[in-house]
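Remarks on the overall topology
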Amino acid sequence: MKLTCLVDNAVQPHSASWGEHGLAFLIESEEGWLLFDTGASGAVLLHNLEVAEVAPRSISALVLSHSHWDHTGGLSALLERVPGLPIYAHPDLVRERFSRRGGEVQAKGLPLALEALRQQADLRLSAAPQEVLPGIWTTGEISERPEPEGRSPHHFVRDGEGWAPDPYRDDMSLVLEGSQGLVLICGCCHAGLLNTLLHVRRAFGRDPVAVLGGTHLISADERHLRRLVEVLRRLGPPALYLNHCTGQAAYVVLAQAFGDRVAPCPAGTVLEF
């Protein structure tokens, strides 16, 4: 399998790709092309697909890690070019989500309403793991969360007449079964990286040999990071290709702990497993 970081906050030096605050991965397998998230805009998504020399209509399926705008912003542009595209996600994907800063409230969820999404795509929502292409699975809902989550104090959902912290029930990751072992691709990991790793072990019977993507450690405190290093060390550690919402402090701590097992993964990065 070949994995390309299609959209990220940063871009590989000398790459023709564009960057933005968002995330998307392109996975090439023997069974076809799969897109994981769509970045924050159709303009960047379509440009970077062109740079990768992949036509939108070549994409067999889309997996959405969760509903936040920086992962679903390119969805409308993609569906204009690939109507009826199968979309795999959690049922809570369609719940309205908001950011509250001070007195200002902004919608931060899907760019399309549920009815429009059903008309334009082949929507396949499930809280259980789903096999998207042979050997490529969604994790399903990460319901057990004994370890810290990747939370933001600004993320909310409606709760009756008021507001409640976003439970991030829709947060899922992608698991690739390769000859070398499992590869885990994370979108934002709001469920928490350690919780996600524990879930993968329960659901798939093995620990990943590599972890890619956004891990939402940007707000992790020192205690959380020490715990993370301790658990990852027991796991090998897996190779870590980190980007998006991981955060510079967390990246430095992990790189100091694991050396060349840790690498950045900006847009334009290509990895083969």
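Look a little higher up for the structure.
Now for a look at the structure at hand.

Here the focus is the environment of Asn-243. The residue Asn-243 is located in strand S16 (residues 239-243) in this model. Separated by 17 residues in the primary sequence, Asn-243 and Arg-226 have C-alpha atoms spaced 20 Å apart.

Here we take up the environment of Pro-134. Of note, Pro-134 is situated in the loop between strand S9 (131-133) and strand S10 (136-138). Using a relative accessible area of 47% as the deciding quantity, one classes Pro-134 as partly exposed. Taking C-alpha positions, Pro-134 is 18 Å from Met-172, a pair spaced 38 residues apart along the chain. Discounting chain neighbours no more than four positions away, the residues touching Pro-134 are Met-1 and Glu-31.

What follows concerns the pattern of salt bridges. Pairs may arise between side chains of opposite charge once their charged atoms sit close together. Taken as a whole and judged by the stated rule, the model has 16 salt bridges. A salt bridge links Arg-97 to Asp-92; the nearest nitrogen and oxygen atoms lie 3.0 Å apart. On the basis of relative accessibility, which here comes to 2%, the residue Arg-97 falls in the buried class. Residue Arg-97 pairs with Asp-170 through a salt bridge whose shortest N-O separation is 3.3 Å. Here the residue Arg-97 occupies a position in the loop between strand S5 (85-89) and strand S6 (98-101), and Asp-170 occupies one in the loop between strand S12 (162-165) and strand S13 (174-178), the gap between them amounting to 73 residues. Neither residue differs from the other here; Arg-97 and Asp-170 are each classed as buried. One network of salt bridges, with partners in common, ties together Asp-92, Arg-97, Asp-166 and Asp-170.

Time to look at helix H1 (residues 42-51). Burial of H1 is extensive: seven of the ten residues sit out of reach of the surface. Burial in H1 covers these residues: Gly-42, Val-44, Leu-45, Leu-46, His-47, Asn-48 and Leu-49. On its buried face, H1 is in contact with strand S1 (2-7), strand S2 (24-29), strand S3 (32-36), strand S4 (59-63) and helix H3 (75-81). Looking one or two residues past H1, Glu-53 carries a phi angle of roughly 60°, positive in sign.

Strand order in the open sheet formed by seven strands is S8-S5-S4-S3-S2-S1-S18, and the pairing between neighbours is mixed. The open sheet terminates on both sides in strands that have one partner only, identified here as strand S8 (121-125) and strand S18 (270-272). When strand polarity is set aside, the average angle formed by the axes of neighbouring strands in this sheet is 25°. Examined bridge by bridge, S4 and S5 share two bridges and lie parallel to one another. Opposite Leu-62, over in S5, you have Ile-87 as the bridge partner. In the packing of H1 onto the sheet, the strands contacted are S1, S2, S3 and S4, and the crossing angle to S1 comes to about 140°.

What counts as what
The residue numbering used here restarts from 1 in each chain and proceeds along that chain's sequence as written. For a predicted model such as this one, the threshold for reporting local features is a pLDDT of at least 70, and the threshold for listing and counting side-chain atom pairs is 80 or more; totals across whole chains, interfaces and linings nevertheless cover every residue. Values reported for side chains reflect all heavy atoms of the structure, with hydrogen atoms and water molecules removed beforehand. Working definition: helices are DSSP H or I runs of at least four residues, strands are E runs of at least two. Numbering for both runs from the N terminus. Each residue gets one of three labels from its accessible area relative to the maximum for its type: buried under 20%, exposed over 50%, partly exposed in between, using a 1.4 Å probe on protein chains only. The contact rule is simple, with two residues in contact once any of their heavy atoms fall within 4.5 Å. We define a salt bridge as a contact between a side-chain nitrogen of Lys or Arg and a carboxyl oxygen of Asp or Glu at a distance within 4 Å. Being paired, for any two strands, means DSSP has found at least two bridges between them. The convention used is that axes are lines fitted to C-alpha atoms, helices contributing only their stretch in contact, and that angles between N-to-C directions extend from 0 to 180 degrees.

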